[in-house]
Amino acid sequence: MNNIGVYGLGVMGQSLARNIMQHGFSVSVYNIETEITKQFTQKYPKLFGYESLEAFVNSLEKPRKIILIVTAGRVVDSVIASLKPLLAKGDILIDCGNSYYEDTQRRMQSLQQDGFYLIGSGVSGGEKGALHGPSIMPSGEYRAYCEIADIFTAIAAKNEDGTACCTYIGKEGSGHFVKMVHNGIEYADMQLLAELYAILKRLYPKDRAAVQKAFHQLNQHNLASYLLDITEDILQKKEQEEWLLDKVLDVAKQKGTGKWTACVSLEYGVPVPSLIEAVEARFLSSMKAQRLQAEQCYAGTQDEETSNEQLAADLCKAVLLAKTSIYAQGFSLIAAVNAQCGYHIDTKQLAVIWQNGCIIKSEFLKDIYQAYDKDANLTNLLVSDQFTEYVKQGREDLQRIISFALQKGLYIPVLCSAMNYVNGYTTASLETNLIQAQRDCFGAHTYERVDQAGVFHSDWLK
């Protein structure tokens with residue numbers, strides 16, 4: 001009998017199956033298209049392929065453990081429905097796709113009523129991560145997680161100190177929830193780099209090597225990251241002596257996890273402006289035909305390219321502040337939902353398992369770990385000592401970068417929202433008192449006062 005099964009042999013499913021096999025576990029594999037199963041197991045004969053679902057399920061030791069890596073949404077429900085008649089009480093399904101966390105919670109409750117378990121597990125790292133070591137975020141019943149813990153910790157990426165980039169996240173759909181927020185942060189990180197690229201092209205309009213060098217200099221110390229690694233590679237890639245990046249259409253697509261993050265932030269009333277702006281930027285990018293038409297209405301109004309060495313020198317501290325703001329937003333959303341849903345997420349451990357294997361892997365996460373290690377009840381990264389310094393040191397630098405970019409007519413939503421979030425969060429008295437006064441004036445919505453307790457209504461028009 002085999003240790004574990006993998007249902008779904010797309011790119012990620014195949015990579016995960018190979019990863020598990022390479023760590024000494026016996027793996028059964030199944031795909032609804034049997035020809036894919038045949039081709040895959042012919043290429044990797046140490047994997048055990050099955051053409052019928054019943055044979056696949058019966059090949060597994062009890063309690064059966066089956067990884068589902070299929071398209072999120074209705075397909076997951078359909079696959080679970082097809083498996084249920086073949087399962088025995090105590091069997092464990094593990095959804096490793098990008099499912100919406102509330103869907104995962106619904107499925108968990110339904111399966112548990114029939115005596116089965118569902119583990120909702122975020123997996124980050126793409127195809128290479130799945131094969132060589134991803135960051136894994138499992139959640140659900142802890143007793144079910146214990147049945148798969150040895151496999152998951154074995155296949156996960158490892159940090160410098162040997163710790164696995166896998167930890168039990170918490171109850172219900174918390175694993176898919178934190179993966180969703182991870183992806184929201186990822187969207188903002190990627191948009192940030194695109195905005196920096198736009199600025200650097202203006203700073204060095206005829207010097208591609210200088211742009212490459214600037215990104216290389218950013219990719220040092222606590223700003224070193226996977227996304228900067230691949231950005232360096234992308235900027236150096238040529239096709240027939242021309243830069244390949246210049247041939248890529250400027251339409252950035254998405255699969256929905258960033259949009260989910262934005263919706264959840266609105267549902268729970270937690271501001272994550274940079275994460276939302278990153279999603280909006282992808283929406284705007286898709287309006288290519290309209291943008292081409294609109295540009296003609298304003299042809300010649302943008303400023304000329306200008307070299308500015310001082311601004312180039314400002315980049316490092318400015319980016320540190322922007323990243324501080326982005327991650328403060330993401331982690332504050334996790335904290336708020338964690339508190340309201342009672343997931344019992346250990347935020348500090350997220351900063352451990354995201355240090356390697358995943359798309360947002362970076363040295364920066366070590367600073368986040370230290371902040372939560374020092375204060376497990378930290379309300380926001382912006383009030384921790386290390387990040388307070390990043391804000392103080394980078395504030396003027398980021399302001400200059402933003403000013404330059406806006407003068408050049410550049411679209412920089414994440415840089416602006418990152419600065420605005422810091423400005424708003426660190427201001428004790430905002431002018432939103434005017435908004436509340438307006439609400440009371442036109443709708444008698446009442447207001448509170450700073451000089452006395454209670455709820456008040458005034459006739460503002462007399």
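All values derive from a computational prediction rather than experimental measurement.

Colleague: Teacher, can you tell me more about unusual backbone geometry here?
Modeller: Phi is mostly negative for residues that are not glycine, and the peptide bonds are mostly trans. Note the cis peptide between Lys62 and Pro63, where omega equals -10°. Residue position: Pro63 is located in the loop between helix H3 (53–58) and strand S4 (65–68). One non-glycine residue, Glu172, lies in the positive phi region at around 50°. Tracing the sequence through the fold places Glu172 in the loop between helix H7 (142–155) and helix H8 (174–203). For Glu172, a relative accessible area of 31% translates into the label partly exposed. With a phi close to 65°, His344 is a non-glycine residue in the positive phi region. By secondary structure assignment, the location of His344 is in the loop between helix H14 (309–341) and helix H15 (347–353).

Colleague: Sorry if this is basic, but what is going on with helix H16 (residues 364–374) here?
Modeller: When H16 is considered as a whole, its buried residues turn out to be Phe364, Leu365, Asp367, Ile368, Ala371 and Tyr372. Projected down its long axis, H16 shows its buried positions confined to an angular sector of 150°, all on one face. For H16, the secondary structure elements touched by its buried residues are H14, H15 and helix H17 (385–407).

Colleague: Is there a simple way to think about a nonpolar patch on the surface in this case?
Modeller: Together, Leu284, Met287 and Tyr411 line one region of the surface with nonpolar side chains, adding up to about 250 Å² of accessible area. Along the chain, the position of Tyr411 falls in the loop between H17 and helix H18 (413–425). Tyr411 gets classed as partly exposed once you look at its relative accessible area, which sits at 41%.

Colleague: How should I be thinking about the state of the cysteines in this particular structure?
Modeller: Cysteine pairs can be linked by a disulfide, which is a covalent bond between their two sulfur atoms. Evaluated as defined, the whole model comprises zero disulfides. Distance from the sulfur of Cys166, which forms no disulfide, to the nearest cysteine sulfur (Cys165) is 9.0 Å. According to the relative accessible area criterion, Cys166 is buried, its value standing at 8%.

Colleague: Can you walk me through the UniProt feature "active site" (unreviewed entry) in the protein chain in this structure?
Modeller: If you check UniProt for "active site" (unreviewed entry), the listed places come out as Lys179 and Glu186 in our numbering. Mapped onto the secondary structure, Lys179 falls in helix H8. Not counting chain neighbours up to four residues away, the residues in contact with Lys179 comprise Asn98, Gly122, Val123, Ser124 and Met137. At 2.8 Å, the side chain of Lys179 and the side chain of Asn98 are in polar contact. Secondary-structure assignment places Glu186 in helix H8. When near neighbours in sequence (up to four residues on either side) are disregarded, Glu186 contacts Ile359 and Ile360.

What counts, and where the lines are drawn
- Residues numbered from 1 in each chain as written.
- Predicted model: local features only at pLDDT ≥ 70, side-chain atom pairs only at ≥ 80, totals over all residues.
- Heavy atoms only, no water.
- Helix = DSSP H or I, 4+ residues; strand = E, 2+ residues; numbered from the N terminus.
- Buried < 20%, exposed > 50% of the residue type's maximum accessible area, 1.4 Å probe, protein only.
- Arc of directions from axis to C-beta.
- Contact = heavy atoms within 4.5 Å.
- Patch = residues over 30% accessible without salt bridge, like charges linked within 9 Å, V, L, I, M, F, W, Y side chains within 5 Å.
- Areas by Shrake-Rupley, 256 points an atom, 1.4 Å probe, with all protein chains shown as cover.
- Salt bridge = Lys/Arg side-chain N within 4 Å of Asp/Glu carboxyl O.
- Disulfide = S-S within 2.5 Å.
- UniProt positions renumbered as here; feature names shortened; annotations may be inferred.
- Polar contact = N/O pair within 3.5 Å; in protein donor to acceptor, adjacent residues only side chain to side chain.

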